[in-house]
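Topology and contacts: notes
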Amino acid sequence: MTNRIDLAKKAPKVYRAMIALDAASREGLDEQLAELVRIRASQLNHCAYCLNMHTVDARKGGETEARIYLLNAWEEAGDVYTEKEQAALRLTEAITVLSSHEYVSDEVYELAAKHFDEEELAQLIALIFTINSWNRIAVSTRKVPDVR
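Residues numbered from 1 in each chain as written. Predicted model: local features only at pLDDT ≥ 70, side-chain atom pairs only at ≥ 80, totals over all residues. Heavy atoms only, no water.

1. So, the overall build of the protein chain
A tally of helices and strands in the protein chain yields eight helices and zero strands. Tracing the protein chain from N to C terminus, the helices and strands come up as α-α-α-α-α-α-α-α. Scaling as 2.2 N^0.38, a compact globule of 148 residues should have a C-alpha radius of gyration of about 15 Å, and the protein chain matches this with 15 Å. Along the longest, intermediate and shortest principal axes, the C-alpha atoms of the protein chain span 45 × 30 × 30 Å. Put simply, the protein chain has 148 residues, and 39% of those count as buried. Residue pairs at least 24 apart in sequence account for 68% of intrachain contacts in the protein chain once pairs closer than 6 positions are excluded. Of the accessible surface of the protein chain, which amounts to about 8,900 Å², a share of 54% is contributed by carbon and sulfur atoms. Measuring between centres, the 18 positive side-chain charges of the protein chain sit 13 Å from its 24 negative side-chain charges. (Helix = DSSP H or I, 4+ residues; strand = E, 2+ residues; numbered from the N terminus. Rg over C-alpha atoms; globule rule 2.2 N^0.38 Å. Buried < 20%, exposed > 50% of the residue type's maximum accessible area, 1.4 Å probe, protein only. Contact = heavy atoms within 4.5 Å. Areas by Shrake-Rupley, 256 points an atom, 1.4 Å probe, with all protein chains shown as cover. Lys, Arg positive; Asp, Glu negative; His and termini not counted. Charge placed at Lys NZ, Arg CZ, Asp CG, Glu CD.)

Next up, the structure:
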């Protein structure tokens, strides 16, 4: 495997800005819901480093093993997740998997807006684009989780 750069060392201003963005994006959101969003985006982006980090954090925050394991199939899991969590996960998927054929539809946006007030929705969107940025940093620099 090719050695990759350490962004924190080689682009410290960018890294510090990401840390600040991450802190700002967390404000006003339930931390358990935020971890579900971070895990789901990291699953979609195949980011092992962030998956490890956020599943550990979710467990520390009281999340159950079953809900973590079922997150990859949340739509098929019945009422394991609340309607609010489902709306957040649907929005996470829509924002994370942007392509020329997919977008954040009015239906997905309106479902999220039904469960989150405007400030919460703004924070949720910020949380989603922030974890996607972290995923892209970790994947492009091939950060690997320390699970030993």
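2. What to know about the UniProt feature "domain: Carboxymuconolactone decarboxylase-like" (unreviewed entry) in the protein chain
Per the UniProt record, "domain: Carboxymuconolactone decarboxylase-like" (unreviewed entry) is found at residues 12-93. Secondary structure content for residues 12-93 is 72% helix and 0% strand, and the end C-alpha separation is 30 Å. (UniProt positions renumbered as here; feature names shortened; annotations may be inferred.)

3. Brief notes about the side chain of Gln-43
Relative to the helices and strands, Gln-43 is located in helix H3 (residues 31-44). Gln-43 sits in the buried class, given a relative accessible area of 16%. Filtering out sequence-adjacent residues up to four positions away, Gln-43 remains in contact with Leu-51, Leu-71 and Asn-72.

4. Here's the deal with the packing of aromatic side chains
In total, this model carries one aromatic pair according to the counting rule given. Centroid distance Tyr-15 to Trp-134: 5.5 Å. Interplanar angle 75 degrees. Geometry classified as edge-to-face. A residue pair is termed long-range when its members are at least 10 positions apart, and Tyr-15 in helix H2 (residues 12-26) and Trp-134 in helix H8 (residues 118-140) qualify at 119 residues. Given a relative accessible area of 29%, Tyr-15 falls into the partly exposed group. The residue whose ring lies beneath Lys-143 is Tyr-49, and the NZ or CZ to ring-centre distance is 4.7 Å. (Phe/Tyr/Trp six-rings, centres within 6.5 Å; stacked < 30°, edge-to-face > 60°. Lys NZ or Arg CZ within 6 Å of the ring centre and 35° of its normal.)

5. Description of the pattern of salt bridges
Oppositely charged side chains may form a pair once their charged atoms are brought near each other. All told, the structure shown has 10 salt bridges when counted by the stated rule. Among the salt bridges present, the one from Glu-31 reaches Arg-26, with a minimum N-O distance of 3.9 Å. Since its relative accessible area comes to 35%, Glu-31 is described here as partly exposed. Here Arg-26 falls in the partly exposed class, since its relative accessible area comes to 31%. The closest approach of N and O atoms between Glu-65 and Arg-59, which form a salt bridge, is 2.4 Å. By relative accessible area, which is 32% here, Glu-65 ends up partly exposed. Here the residues in one salt-bridge network are Asp-22, Arg-26, Glu-31, Glu-35 and Arg-38, joined through shared partners. (Salt bridge = Lys/Arg side-chain N within 4 Å of Asp/Glu carboxyl O.)

6. A few points about the side chain of Asn-132
Mapped onto the elements, Asn-132 comes out in helix H8. Judged by its relative accessible area of 6%, Asn-132 is buried. Not counting residues within four places of it along the chain, the set of residues in contact with Asn-132 comprises Ala-41, Asn-45 and Thr-96.

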